Amino acid sequence: VTSDHGFATISRHEIDRAMHVTQRYSATYQYRLDSGDALEIPKGYLPAGFLAIDLARALGMKLYDPDKPIADGKGVVGYEEVDPTISQPTATLAQRPLSGNGLIGDHVHRPDASDAKVIITAYGGSDLIYVPDSDVGRVRAIADFLTHQDYVGGIFVDADRYVNVPGAMPLRAIGLVGSTPLPRPAVVVNFKVFYLEPGNLQTAVQISDTVLQEGQGMHGGFGRDSTFNNMAAIGPDFKVHYI
């Protein structure tokens, strides 16, 4: 019997038990729920890709959607730009990244997006932020931006590469540095987690950067509901009473 993660109810609107609502820029627009769906995300609710939208605006750069590549006969030549101030062609609804992921830069056209200044991977209860050119000043600017967002719970930075980043803890402090050959994110940000009943982990609510909606379920946050996991096993090859 194993459990690999916990579970919390998604909030795209409320940020604490007192039912205060988010005041971030990305929540000031009305969005289409899905590219093929007539339902809408009302104003005041965070869309998938809210972090990418808010961070691009804070950095003064353009936002592109990695899930909407532009191709010619030879391959990918760019990505569709996302601008919430420009409505969708068929409705008065704002643009947003399709799956929440984002490429931020002056112009992103390389197939591997290595010319992006910032890459955001939406991950539910937390997001991964990559800085391809390893610009320390930009990492610090990102951390500073995150400390002012009402939906942020914790900020963790790759301190092996970026030192003296105010407001952030090192990735090693929470065991997020491994031996994978894949690129390590510069910053990992987890979103607000709160409990409708203090101490009752089954009433956990978390902000989530996901295509799932208010009231559905998600994990990946840093609340006790997600980190207090159980794993049990029985059989001849397991030690008895071993913790």
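Data block above holds the structure.
A brief report on the enclosed structure follows. (Residues numbered from 1 in each chain as written. Predicted model: local features only at pLDDT ≥ 70, side-chain atom pairs only at ≥ 80, totals over all residues. Heavy atoms only, no water.)

## Thoughts on the sheet that holds strand E12 (residues 193-195)
- In space, the 4 strands of this open sheet follow the order E12-E13-E1-E14, with mixed pairing throughout. With partners counted over all chains shown, the strands left at the sheet margins are E12 and strand E14 (217-218), one partner each.
- In terms of strand pairing, strand E1 (residues 8-11) meets E14 through 2 bridges, oriented antiparallel. By the bridge assignment for E14, Ala8 is matched with Met218. (Pairing = 2+ DSSP bridges. Helix = DSSP H or I, 4+ residues; strand = E, 2+ residues; numbered from the N terminus.)

## Notes on the nonpolar core
- With 36 residues, the main nonpolar core has Leu51, Ile120, Ile129, Val139, Leu146, Tyr151 and Val187 as its most contacted residues.
- For this core, the element with the highest residue contribution is helix H1 (residues 50-59), accounting for 6 residues.
- Every residue in contact with Val139, bar those within four places of it in the chain, is listed here: Val131, Val157, Tyr162, Val165, Ala186 and Val187.
- The next biggest cluster of nonpolar side chains, apart from the first, holds 13 residues, and it includes Tyr64, Leu128, Phe156 and Leu171. (Core = buried A, V, L, I, M, F, W, Y, C linked by side-chain atoms within 4.5 Å. Buried < 20%, exposed > 50% of the residue type's maximum accessible area, 1.4 Å probe, protein only. Contact = heavy atoms within 4.5 Å.)

## What to know about the packing of aromatic side chains
- Applying the stated criterion across every chain yields a total of 6 aromatic pairs.
- Ring centres of Phe50 and Tyr151 lie 4.7 Å apart, and the angle between their planes is 65°; on these two criteria the pair is classed as edge-to-face. Pair noted here: Phe50 is in helix H1 and Tyr151 is in the loop between helix H2 (136-147) and strand E9 (152-157), with a separation of 101 residues, a long-range link. Accessibility classification places Phe50 together with Tyr151 in one group, the buried group.
- Consider the rings of Tyr151 and Phe191, whose centres lie 6.0 Å apart with planes at 70°: the pair is edge-to-face. Here Tyr151 is found in the loop between H2 and E9, whereas its partner Phe191 is found in strand E11 (residues 187-191), with 40 residues between them in sequence. Taken as a pair, Tyr151 and Phe191 share a single burial class, namely buried.
- Each member of the aromatic cluster is reached from another via a ring pair, and the members are Tyr25, Tyr29 and Tyr31.
- The ring of Tyr25 carries Arg57 above its face, with NZ or CZ at 4.0 Å from the centroid. (Phe/Tyr/Trp six-rings, centres within 6.5 Å; stacked < 30°, edge-to-face > 60°. Lys NZ or Arg CZ within 6 Å of the ring centre and 35° of its normal.)

## As for the sheet that holds strand E8 (residues 126-130)
- With respect to topology, 8 strands assemble into an open sheet ordered E5-E4-E6-E7-E8-E11-E9-E10, the strand pairing being mixed. Here the strands that pair on one side only, and so sit at the sheet edges, are strand E5 (75-82) and strand E10 (169-170).
- Sheet topology places E8 next to E11; 4 bridges connect them, and they run antiparallel. Bridge assignment links Ile129 to a residue of E11, and that residue is Val187.
- The strands touched by H2 are strand E7 (118-122), E8, E9 and E11; relative to E9, the strand with the most contacts, the crossing angle is about 165°. (Axes fitted to C-alpha atoms, helices over the stretch in contact; angles between N-to-C directions.)

Keep in mind these numbers describe shape, not what the thing actually does.
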